[in-house]
Amino acid sequence: MIKKLYFRAIICLSILPLAVSGQTQNRRTHVNFDAGWKFSLGNASDPKRDFNYGIGNIFSKSGETAGTCIATDFKDSTWTNVKLPHDWVVALPFQYVKNDDIDSHGYKPVGALFPENSIGWYRKTFTVNKADSGKRYEIQFDGVYRDSKVWLNGYYIGGHFSGYNSFSFDITDFIKFGQKNVMVVRADATQSEGWFYEGAGIYRHAWLNSYNNVHFKTAGGLFAHAEVSDGKAQVTIEADIENRGITATEATLYSYITDRNGKIIATGKQLPFTEAIRENKKLTDEMTIINPRLWSLDDAYLYRAVSLIKSGGHTIDSVNVKFGVRTFKFDSEKGFFLNGKPLKVQGVSCHQDHAGVGSALPDELQYYRITLLKEMGVNAYRTTHNPPTPELLDACDSLGMLVMDETRLLTSGQEYEQQYRDLILRDRNHASIFMWSIGNEEYATHRTDIGKRIAQNQILLQQQLDPTRTSTYAANMGNVYRGVNEVIPVRGFNYNLSGIDGYHKEHPLQPIIGTEVASTVTTRSIYVKDTVHAYVPDYDVTFPPWASTAETWWKITDARPWFMGGFAWTGFDYRGEPTPYRWPNINSHFGIMDMCGFPKSVYYYYQSWWTDKDILHIAPHWNWKGKEGQPIEVWVNTNADDVELYLNGKSLGKKEMTRDGHLVWTVTYQPGKLVAVAHKKGKVIAAKVETTTAAYRIVLSPSKKILLANGEDAVVVNATVVDKSGREVPDALDLLHFDIKGDAEIIGVGNGDPSSHEPDKCSTGQWQRSLFGGKAQLIVRAGTHEGNVAIVATGTGLKSIELPLVQKLK
Ligand code: GAL
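Residues numbered from 1 in each chain as written. Predicted model: local features only at pLDDT ≥ 70, side-chain atom pairs only at ≥ 80, totals over all residues. Heavy atoms only, no water.

## Observations regarding the nonpolar core
Step number 1: In this structure, L373, Y606, W622 and V634 are the most contacted members of the largest nonpolar core, which totals 90 residues.
Step number 2: Every residue in contact with Y606, bar those within four places of it in the chain, is listed here: M376, A518, A550, W553, A568, I592 and T611.
Step number 3: Listed in part, the 48 residues of the second largest apolar core include I175, I202, Y581 and F590. (Core = buried A, V, L, I, M, F, W, Y, C linked by side-chain atoms within 4.5 Å. Buried < 20%, exposed > 50% of the residue type's maximum accessible area, 1.4 Å probe, protein only. Contact = heavy atoms within 4.5 Å.)

What follows is the structure, given as structure tokens:
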């Protein structure tokens, strides 16, 4: 359970609206558009079952969509009510199909082989007050998987190819003020983009934005960045202002900086400008912060840059962005420096899905996951292999986690150059981002001249849009200097660490980072290889041919100051890429934590060497009925100086710990108590595992006890069972049932079992999930009413529990 409280922004976009008193007609708004959608699957191969899409003449005359579900009068009452974020794939059953794409996506029946599951239609009805006409309106989606098309009141607005980038469309011309408006979105997941679970649908937030005709652009409208020297931060503010009105406008730009409490600490100049019709104006201002408080991993301090456009004596638009003041240095001899201090990158790569909810994570889960990673000692997160949701970056900004932000493909044709541009413009204010990644393991391209030209193009684009950072590329090759590697500012190594010394010697001026390392495979709570259930032992021993143990890569990394560190594959298990097995295994084993964020043994290896905490952990558990008299391999992960192990009071010997290592004993099993006693710089620390008796009662542990009644907040509730003495039963597999009382809902369940085919969603009216290795998890989403909420868990032969939570309006 997470003890630390963390700050959570409710409105989570880099550009936040600012209330302008007395000028409500010009006030910028950013309204959450998640509620009230209707959803239906269509069909990619049968136009009739796709609501006549493909046979209706929707593109022959503007706004004419009769006979299709795009038509405003289409009756959608039989469609399912959904609230965004929504991933329709997570609710589909698992299905075995011998096909690489299906296998790598986690055996969900979606994609070209399943046309009946691959088109998603969404409809939403909304109104905009008559009094609010005269402004510009924009619909913003932070991620729709994928190939989406958007209509408003029957008018085609635009399409978006990527399943990962945010996008927005101006919809002003098509709004019926004071009347019913119907927005329709078609998402087509027929063609996948990745080789991992991707989900499908409007799986991130949607927003309805409004602003003055003369306004800051949504993508890149305000960029605030700082250079630090001599105890001062020189802050540059770059504004990109657009005029969509029908008259030229005389205006003034004025900016200031506040601390996080809103106190103004630096003010800019009044910058007059004339904005012609349809002009894009770029203006720059500079300010100084004396003795700036630097953003760091332990003090993730964020300043605010506020910019106003004033015209005719009024403020006609204003935005407020968070930014951090910090310095990065990438040194080919000394490694990476944050704020002038050397920092080894203790990173993880992650995909975006989580147990129970697939790709549609409530914001709270982003904070939950980043907090878990920080507790383990992780200081950097790589967004493999796609743009993340903005809320993930908000969590990293405010909790203090560096980010390598990665675009989907290494290519620079119009579509993908635009994707990289959109990513940088959207994300460049985020304090946490220290590097961009132009792609990952592009075998057909990366050693070629084409690869080199693409890389040059993308690097120049990045330097133009964000000169404050640098780029890398995740190259799966050893000591090779061809193609992308000839031009990339920071050389990324995916695996192949035997090549780093030679590469460093031959290219001493190019900093090097381990963009992807480890890929160690473990199954939480399983200590013996099991090819029937497709489990691998929960010790740091198993890895595919290209990969290594955690200890191997970390020892190499820790011993080389010039090697900046690396990103272990992966922080959490994710759906898809079952390795080293196939069906019945449906999700990866690469995670240091499982799909729910429950730690595996290897977690304690990293925690020992990545934190200053006192770590002493024994694996396995001590419930081995039937194995009496047989040898059991016992691993101890610790950062203590020495450890003595005792079984039922009898010493099994003392061992010295070496840096970056682990300790092993072979112990003849007898039930009872296995105790480790360690010395760390003169201090004594102890840990134990104990044979338990049968599971007796259920325990629920929530990530927090108070929910915000905003219909969006969420709480993670972990379930386990304990014996009569209150000891957690680590091998329990009991089936638990869950109910909820009050205005909140369970939106998903999981248990981290990589071969479980139990549904993550409720299909029968009764939420349930088996424990795996003694644990399961529920994700609960808040309702909108103040009051008490209770989560009830029951199980056959187990004492049930009712967990009280409180839901508050503020
Ligand atoms: C890498 C790849 C990752 C994942 C990983 C598994 O080569 O970049 O996406 O597939 O292998 O080990």
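## Some details on the site of the ligand
Step number 1: Around the ligand, the neighbouring residues are W195, H385, N440, E441, Y495, E516, S519, W546, W569, E577 and F590.
Step number 2: Here N440 contributes a side-chain N or O atom positioned 3.1 Å from an oxygen atom of the ligand.
Step number 3: Measuring from an oxygen atom of the ligand, one finds a side-chain N or O atom of W546 at 2.8 Å.
Step number 4: Per-class residue counts for the shell around the ligand are five nonpolar, three polar and three charged. (Near = heavy atom within 4 Å. Polar contact = N/O pair within 3.5 Å; in protein donor to acceptor, adjacent residues only side chain to side chain. Nonpolar A, V, L, I, M, F, W, Y, C, P; charged D, E, K, R; others polar.)

## Brief notes about the side chain of D397
Step number 1: Assignment of secondary structure puts D397 in helix α3 (residues 390-399).
Step number 2: A distance of 2.5 Å separates polar atoms of two side chains, one belonging to D397 and the other to H430.
Step number 3: Here A431 takes part through its backbone nitrogen, which lies 3.2 Å from a polar atom of the side chain of D397.
Step number 4: In this structure D397 touches W295, A300, L302, H430, A431 and S432, once residues within four positions along its chain are discounted. (Helix = DSSP H or I, 4+ residues; strand = E, 2+ residues; numbered from the N terminus.)

## Focus on the sheet that holds strand β22 (residues 341-342)
Step number 1: The antiparallel open sheet is built from three strands, whose spatial order is β20-β21-β22. In the strand order of this sheet, the two ends are held by β20 (328-331) and β22, each with one partner. (Pairing = 2+ DSSP bridges.)

## Focus on the packing of helix α2 (residues 363-376) against helix α8 (residues 601-610)
Step number 1: For the pair α2 and α8, interaxial distance at closest approach is 8 Å and the crossing angle is 60°. Together, L372, E375 and M376 of α2 and Y603, Y606, Q607 and W610 of α8 make up the contact between the two elements.
Step number 2: Residue classes in the contact of α2 with α8 are distributed as five nonpolar, one polar and one charged. (Axes fitted to C-alpha atoms, helices over the stretch in contact; angles between N-to-C directions.)

## A look at the packing of aromatic side chains
Step number 1: Following the criterion strictly, the structure yields 50 aromatic pairs and no others.
Step number 2: Ring centres 5.3 Å apart and planes at 70° place the aromatic pair W195 and F196 in the edge-to-face group.
Step number 3: Measuring from centroid to centroid gives 5.2 Å for F336 and F434, while their planes differ by 65°, and the two rings are edge-to-face. Of this pair, F336 sits in strand β21 (residues 335-338) while F434 sits in strand β26 (residues 433-440); the two residues are 98 residues apart in sequence, bridging distant segments of the chain. (Phe/Tyr/Trp six-rings, centres within 6.5 Å; stacked < 30°, edge-to-face > 60°.)

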